[in-house]
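# Coordinate inspection notes
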Amino acid sequence: QAQLVESGGGSVQAGGSLRLSCTASEYGYGRKAMAWFRQAPGKEREGVASIYTGSGTTYYADSVKGRFTISQDNNKNTVYLQMNSLKPEDTAMYYCAARARGGSMLALERLSYDYWGQGTQVTVSS
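This one's a predicted model, so the numbers in the text were calculated from it and none came from an experiment.

## Considering the sheet that holds strand β3 (residues 18–24)
- The antiparallel open sheet is built from four strands, whose spatial order is β1-β3-β8-β7. Each edge of the open sheet is held by one strand with a lone partner, namely β1 (4–7) and β7 (68–73). The sheet shows a mean angle of 15 degrees between the axes of neighbouring strands, taken without regard to direction.
- Examined bridge by bridge, β1 and β3 share four bridges and lie antiparallel to one another. Its bridge partner being in β3, leucine 4 is matched across the sheet by alanine 24.

## Comments concerning the pattern of salt bridges
- With the rule as written, the count across this model stands at four salt bridges.
- Linking arginine 67 and aspartate 90 is a salt bridge whose minimum nitrogen-to-oxygen distance equals 2.7 Å. A residue pair is termed long-range when its members are at least 10 positions apart, and arginine 67 in the loop between β6 (58–60) and β7 and aspartate 90 in the loop between β8 (78–83) and β9 (92–99) qualify at 23 residues. Comparing arginine 67 with aspartate 90, the two get one shared label, buried.
- With a shortest N-O distance of 3.0 Å, aspartate 114 and arginine 101 are connected by a salt bridge. Residue aspartate 114 is located in the loop between β9 and β10 (115–116), and its partner arginine 101 is located in the loop between β9 and β10; the two are separated by 13 residues in the primary sequence.
- Taken together, the salt bridges that share partners define one network made up of Arg38, Glu46, Arg67 and Asp90.

Reading the values: the criteria
Residues numbered from 1 in each chain as written. Predicted model: local features only at pLDDT ≥ 70, side-chain atom pairs only at ≥ 80, totals over all residues. Heavy atoms only, no water. Pairing = 2+ DSSP bridges. Helix = DSSP H or I, 4+ residues; strand = E, 2+ residues; numbered from the N terminus. Axes fitted to C-alpha atoms, helices over the stretch in contact; angles between N-to-C directions. Salt bridge = Lys/Arg side-chain N within 4 Å of Asp/Glu carboxyl O. Buried < 20%, exposed > 50% of the residue type's maximum accessible area, 1.4 Å probe, protein only.

Distances and angles like these do not, on their own, reveal function.
See below:
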């Protein structure tokens, strides 16, 4: 089973940028997917961005499309989330997630993922 270690969260002003990193302890990304989710107080956890580690195919929530970019470095077994033009509504706890199973899936669905990081707080002030 995967162990996910996250870093990069913090506090920024609106319009600023952050880059989150997530490193997985297991290798073999051909049939796996990685994703970033976020959860704000009073809201359900929502998928932000996902990447199929083998193909590099990416998916984004409409709310972050054009501002956030998910990428991977397979040599480092690491997935990144570059967040630009941050807005106060981006404030949330951000979680890294990994899918161990193959087969079809919904890229931004919570139940598609098997392992989760501890979460890192992102706070965007107006």
